[in-house]
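Survey of secondary and tertiary structure
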Amino acid sequence: MGQKVHPYGFRLGINKPWKSRWFVERGYDKLLVEDVKLKAELREKLKAAGVSSVEVERPGNKLRLIIRTARPGIIIGRKGAEIDKLKADIQKRTSREVFIDILEVNKPELDAQLVAENIALQLEKRVSFRRAMRKSVDSALRFGCKGIKVRVSGRLNGNEIARSEWYLQGRLPLHTLRADIDYGFAEAHTTYGIIGVKTWVYRGDIYEQKKRREPVTTTGAF
């Protein structure tokens, strides 16, 4: 049995932050279920906007959603009409004051989730899986990533027997904690079944700038 650790969970608290940031003493399970449902619904509703991640914060009796997207204009809408509608819809279901922050993903080619979703979309349009993988890998390397791995699994090209194929370019140090590795997963719903797409993107190392402690100097006679 393979015993692989999720690249994001492995680095939590080291160089990756939690995607849900709140603390409660009672009713933790209800809030957790609310988080999971909210994230799944937002992903489905904003599929066209290229959502990379949805982060949740609950300061006091408020609910703050941080949506990272490649196309913020689709979520915001003309004069903020779409975002106001979305906020009102979420506010109806939760008894909290809702705030939504939209953050733009400047380089979607280096975001693992968006790369995986792009490949999945191409597979649904019957593009050859090898061509889709190669195209995504080449564009990621062109935008300056240090390494990328793409893996597709399922009935590739409609074959009877499901199999996995992967493509790796550059370095991918999964065991190095300081390595900034982004991971994404998407599913392509094709006529002959579901094809899973996994993507790992290595964007370089993160070094913490630790402040040097100044030596304590004392003056005067002992």
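What counts and how
Residues numbered from 1 in each chain as written. Predicted model: local features only at pLDDT ≥ 70, side-chain atom pairs only at ≥ 80, totals over all residues. Heavy atoms only, no water. Helix = DSSP H or I, 4+ residues; strand = E, 2+ residues; numbered from the N terminus. Buried < 20%, exposed > 50% of the residue type's maximum accessible area, 1.4 Å probe, protein only. Contact = heavy atoms within 4.5 Å. Areas by Shrake-Rupley, 256 points an atom, 1.4 Å probe, with all protein chains shown as cover. Lys, Arg positive; Asp, Glu negative; His and termini not counted. Charge placed at Lys NZ, Arg CZ, Asp CG, Glu CD. Pairing = 2+ DSSP bridges. Axes fitted to C-alpha atoms, helices over the stretch in contact; angles between N-to-C directions. Phe/Tyr/Trp six-rings, centres within 6.5 Å; stacked < 30°, edge-to-face > 60°. Lys NZ or Arg CZ within 6 Å of the ring centre and 35° of its normal. UniProt positions renumbered as here; feature names shortened; annotations may be inferred. Domains from an automatic or database assignment. Buried area = accessible area lost by both parts, 1.4 Å probe. Salt bridge = Lys/Arg side-chain N within 4 Å of Asp/Glu carboxyl O.

Turning our eyes to something else, we now look at the overall build of the chain. Counting its secondary structure elements, the chain contains 6 helices and 8 strands. For the chain, the succession of helices and strands along the chain, N to C, is α-β-α-β-β-α-α-β-α-α-β-β-β-β. Projected onto its principal axes, the C-alpha positions of the chain cover 85 × 45 × 40 Å. When each of the 222 residues of the chain is scored for burial, the buried share is 37%. A separation of at least 24 residues holds for 60% of the contacts in the chain among residues at least 6 apart in sequence. Carbon and sulfur atoms form 52% of the exposed surface of the chain, whose accessible area is close to 14800 Å². If the 45 positive side-chain charges of the chain are averaged to one point and the 27 negative ones to another, these points end up 3 Å apart.

Before going further, it helps to spend a moment on the sheet that holds strand 4 (residues 97-104). Read across the open sheet, the 4 strands follow the order 1-2-3-4; overall the sheet is mixed. Two strands lie at the open edges of the sheet, namely strand 1 (20-21) and strand 4, each paired on one side alone. With 2 bridges joining them, strand 1 and strand 2 (residues 51-57) adopt parallel strand pairing. Bridging from a neighbouring strand, Ser20 pairs with Val56 of strand 2. Sheet contacts for helix 2 (residues 28-45): strand 1, strand 2 and strand 3 (62-69); angle to strand 2, the most-contacted strand, approximately 150 degrees.

The subject of this paragraph is the packing of aromatic side chains. Under the counting rule described, the total for this entry stands at 2 aromatic pairs. Look at Trp22 and Tyr28: their rings are 5.5 Å apart centre to centre, the planes differ by 45 degrees, and that puts the pair in the tilted class. For Trp22, a relative accessible area of 18% translates into the label buried. Given the relative accessible area of 48%, Tyr28 is considered partly exposed. Summarising the aromatic geometry, the rings of Tyr183 and Trp200 are spaced 5.4 Å apart at their centres and angled 55 degrees between planes, so their arrangement reads as tilted. Placement of Tyr183 in strand 7 (residues 179-190) and of Trp200 in strand 8 (residues 193-205) is noted, with a sequence separation of 17 residues between them. Residue Tyr183 shares its accessibility class with Trp200, and that shared class is buried. The ring of Tyr8 carries the charged tip of Lys19 above its face, separated from the ring centre by 4.4 Å. The aromatic ring of Trp166 is capped on one face by Lys149, whose charged end is 5.0 Å from the ring centroid.

Located in the positive-phi region is Arg126, a residue other than glycine, with phi close to 65 degrees. Mapped onto the elements, Arg126 comes out in the loop between helix 5 (112-124) and helix 6 (129-142). At Asn157, a residue that is not glycine, the phi angle is positive and equals roughly 55 degrees. Inspection of the secondary structure puts Asn157 in the loop between strand 5 (147-154) and strand 6 (163-170). Residue classification places Asn157 among the partly exposed residues on the basis of a relative accessible area of 48%.

Attention now goes to the UniProt feature "domain: KH type-2" (unreviewed entry) in the chain. The UniProt record annotates "domain: KH type-2" (unreviewed entry) at residues 38-106. Between the first and last C-alpha atoms of residues 38-106 the distance is 24 Å; the span itself is 38% helix and 33% strand.

A sheet is described by the order of its strands in space; here 4 strands give the open sequence 6-5-8-7, paired in antiparallel fashion. Two strands close off the open sheet at either side, each with one partner strand: strand 6 and strand 7. Adjacent strand axes in the sheet meet at a mean angle of 10 degrees, parallel and antiparallel pairs treated alike. Where strand 7 and strand 8 come together, 11 bridges link them in antiparallel fashion. Paired with Thr190 across the two strands is Gly193, which belongs to strand 8. Against the sheet, helix 5 contacts strand 5, strand 7 and strand 8, and its axis sits at roughly 20 degrees relative to strand 7. Against the sheet, helix 6 engages strand 5 and strand 6, with an angle of about 20 degrees to strand 6.

Turning to the domain arrangement of the chain, a few remarks are in order. Structurally, the chain comprises domain 1 (20-104) and domain 2 (108-205). Placing the centre of domain 1 and that of domain 2 at their C-alpha centroids yields a distance of 27 Å. Taken over both partners, the interface formed by domain 1 and domain 2 buries close to 350 Å², and the fraction arising from carbon and sulfur atoms is 54%. The largest share of the area that domain 1 buries against domain 2 comes from Arg43, Ser52 and Ala70, three residues that together contribute 71% of it. Where domain 1 touches domain 2, the interface holds 1 salt bridge.

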